[in-house]
Amino acid sequence: MDGLRGFGRWQKGMGFAPGFWLRAFVLVALSKKELHGYELLNMIDEYFPEFCFCKGLSGMGTGYRILRMLEMEGLIKSRWETGEGPAKRVYSLTSEGEKAKEEILEYVKEMKDRIERFLEFAGGKEV
């Protein structure tokens, strides 16, 4: 896993950057079900309020830019849903997005193991 093919400009070592978590969250959320953009961005705000991704108009704009970028990279796709009220764009994961999500989850698990070993060492292991 030398860079997570299919995850755009992401590279190993960027796992603590807010942009990584935003992109990762979108892929994981869309692997569970299709979501409207607004619904998805509100979920991100709920789970990662410290990143302030979606607060205010500029935050929503950032969120929608990320969605457009992921779509251009072929990791997600969208369609217009019409019905009651205004039309809404609905997002879903592509097969490439599913592969990227699996690679991301593997990377996060590796990082979790490293962090746990580090904290164990920091908490008392003698040198």
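Whatever comes next refers back to the structure up there.
As the structure is a prediction and not an experimental result, all values here were calculated from the model.

(A) Representation of the pattern of salt bridges within the structure. What the rule picks out here adds up to eight salt bridges. Of the charged contacts, one joins Glu81 and Arg79 as a salt bridge, the two residues approaching to 3.9 Å between their closest N and O atoms. Note on Arg79: relative accessible area 37%, which makes it partly exposed. Between Lys99 and Glu96 there is a salt bridge, with its nearest N and O atoms 3.0 Å apart. With a gap of three residues between them, Lys99 and Glu96 both fall in helix H4 (residues 95–122), about one helical turn apart. Each of the salt bridges in this network shares a partner with another, and the network as a whole consists of Glu34, Arg79 and Glu81.

(B) Here's a closer look at the side chain of Thr94. Among the structural elements, Thr94 can be located in the loop between strand E3 (88–93) and H4. Of the residues examined, Thr94 reaches a relative accessible area of 17% and is grouped as buried. At 2.5 Å, the side chain of Thr94 forms a polar contact with the backbone oxygen of Gly74. Engagement of the side chain of Thr94 in a polar contact is seen with the backbone nitrogen of Gly97, the distance being 3.0 Å.

(C) Quick look at the packing of helix H1 (residues 18–32) against H4. Where H1 meets H4, the axes come as close as 10 Å, and the angle between the chain directions of the two elements is 120 degrees. Taken together, the axis directions place H1 and H4 in an arrangement best described as oblique. As H1 packs across H4, the resulting crossing turns out to be left-handed. Contacts between H1 and H4 involve Phe20, Trp21, Ala24, Leu27, Val28 and Ser31 on the former and, on the latter, Gly97, Glu98, Ala100, Lys101, Ile104, Leu105, Tyr107 and Val108. In the contact of H1 with H4, the residues fall into 10 nonpolar, two polar and two charged.

(D) Looking closely at the packing of aromatic side chains. Across all of its chains, the model carries three aromatic pairs by this definition. Residues Phe25 and Tyr47 carry aromatic rings whose centres are separated by 5.6 Å and whose planes lie at 45 degrees to one another, so their mutual orientation is tilted. Here Tyr47 lies in helix H2 (residues 37–47) and Phe25 lies in helix H1, a separation of 22 residues in the sequence. Among the residues examined, Phe25 registers a relative accessible area of 14% and is labelled buried. Cluster of aromatic residues (ring-pair linked, three or more members): Phe20, Trp21 and Tyr107.

(E) Representation of H4. The first and last C-alpha atoms of H4 sit 41 Å apart over 28 residues, in line with the 40 Å expected at 1.5 Å per residue. Among the residues of H4, those classed as buried are Gly97, Ala100, Lys101, Glu103, Ile104, Tyr107 and Met111. Considering only its buried residues, H4 is in contact with H1 and E3.

(F) Spotlight on H2. Burial in H2 covers these residues: Gly37, Leu40, Leu41 and Ile44. One side of H2 carries all its buried residues, which in axial view fall inside an arc of 95 degrees. Exposed residues lying more than 90 degrees from the buried face of H2 are Tyr38 and Glu46.

What counts, and at which threshold
- Residues numbered from 1 in each chain as written.
- Predicted model: local features only at pLDDT ≥ 70, side-chain atom pairs only at ≥ 80, totals over all residues.
- Heavy atoms only, no water.
- Salt bridge = Lys/Arg side-chain N within 4 Å of Asp/Glu carboxyl O.
- Buried < 20%, exposed > 50% of the residue type's maximum accessible area, 1.4 Å probe, protein only.
- Helix = DSSP H or I, 4+ residues; strand = E, 2+ residues; numbered from the N terminus.
- Polar contact = N/O pair within 3.5 Å; in protein donor to acceptor, adjacent residues only side chain to side chain.
- Axes fitted to C-alpha atoms, helices over the stretch in contact; angles between N-to-C directions.
- Parallel < 35°, antiparallel > 145°, perpendicular 65-115°, else oblique.
- Left-handed = near helix turned anticlockwise from the far one by under 90°.
- Contact = heavy atoms within 4.5 Å.
- Nonpolar A, V, L, I, M, F, W, Y, C, P; charged D, E, K, R; others polar.
- Phe/Tyr/Trp six-rings, centres within 6.5 Å; stacked < 30°, edge-to-face > 60°.
- Expected span 1.5 Å × (residues − 1).
- Arc of directions from axis to C-beta.

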